Amino acid sequence: MAWPTTPLDIDVEIYVSGGWVNIASYVRRDDGRGITITDGTTGVEQRRAAPSRATFMINNRDGRFSPRNPASPYAGLLGINTEIRIVAEGLYRFWG
């Protein structure tokens, strides 16, 4: 059972060119999955936490998030370890 039953007001941002850019309008929330955030802890017996993970689907039909698309507004700026942050109802929930 998913919580809450009413979707939260969520912003998804990427860090490019020295600032945060809101890409929430490109995050698909109509697929029934939304955004899933998993923290790195799995129990009290674990000695080291695994990395946290955020899973979501982005609408990239225009290719703006494709790192090799020269027509993208983010051309040359996206790659492995591009920082993202997810803000739900004004509180930071994920930053990675």
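Along each chain, the written sequence defines residue order, and numbers are assigned to residues from 1. At least 70 in pLDDT is required for a residue's local features to be given in this predicted model, at least 80 for side-chain atom pairs to be given and counted, and no such filter applies to totals for whole chains, interfaces and linings, which use all residues. With hydrogens and water excluded, all non-hydrogen atoms of the structure serve as input to the side-chain values.

Bringing unusual backbone geometry into the picture now. A positive phi is found at Ser17, a non-glycine position, where the angle reads about 50 degrees. A run of DSSP states H or I qualifies as a helix once it reaches four residues; a run of E qualifies as a strand once it reaches two. Both are numbered from the N-terminal end. Note on placement: Ser17 falls in the loop between strand E1 (10–16) and strand E2 (19–22). Within the chain, Asn81 stands out as a residue other than glycine whose phi angle is a positive 70 degrees. In this fold, Asn81 is placed in the loop between strand E6 (57–58) and strand E7 (84–88). Residue exposure (1.4 Å probe, protein chains only): buried if accessible area is under 20% of the type maximum, exposed if over 50%, otherwise partly exposed. Accessibility expressed as a relative area gives 72% for Asn81, which makes it exposed.

Ring pairs (aromatic) are described by centroid distance and by the angle formed between their planes. Note on ring pairs: Phe, Tyr and Trp rings are taken, using the six-membered ring of Trp, and paired if centres are within 6.5 Å. Classes follow the plane angle, with under 30 degrees stacked, over 60 edge-to-face and the rest tilted. One pass over the structure, following the stated rule, counts 3 aromatic pairs. An angle of 80 degrees between the planes, with centres 5.5 Å apart, marks the rings of Tyr26 and Phe65 as edge-to-face. Pair noted here: Tyr26 is in the loop between E2 and strand E3 (27–28) and Phe65 is in the loop between E6 and E7, with a separation of 39 residues, a long-range link. Here Phe65 and Tyr74 contribute two aromatic rings whose centre-to-centre distance is 5.7 Å and whose plane-to-plane angle is 15 degrees, an arrangement assigned as stacked.

Take the nonpolar core next. Grouped together as the largest cluster of nonpolar side chains are 12 residues: Ile10, Val12, Ile14, Val16, Ile23, Val27, Phe65, Tyr74, Leu78, Ile84, Ile86 and Ala88. Listing elements by their share of this core, those giving two or more residues are E1 and E7. The element that contributes the greatest number of residues to this core is E1, accounting for 4 residues. Should any heavy atoms of two residues lie within 4.5 Å, those residues are considered in contact. Setting aside chain neighbours within four positions, we find Ile23 in contact with Val12, Glu13, Ile14, Ile58, Phe65 and Tyr74. In these notes, a set of buried Ala, Val, Leu, Ile, Met, Phe, Trp, Tyr and Cys residues joined through side-chain atoms within 4.5 Å is what counts as a nonpolar core.

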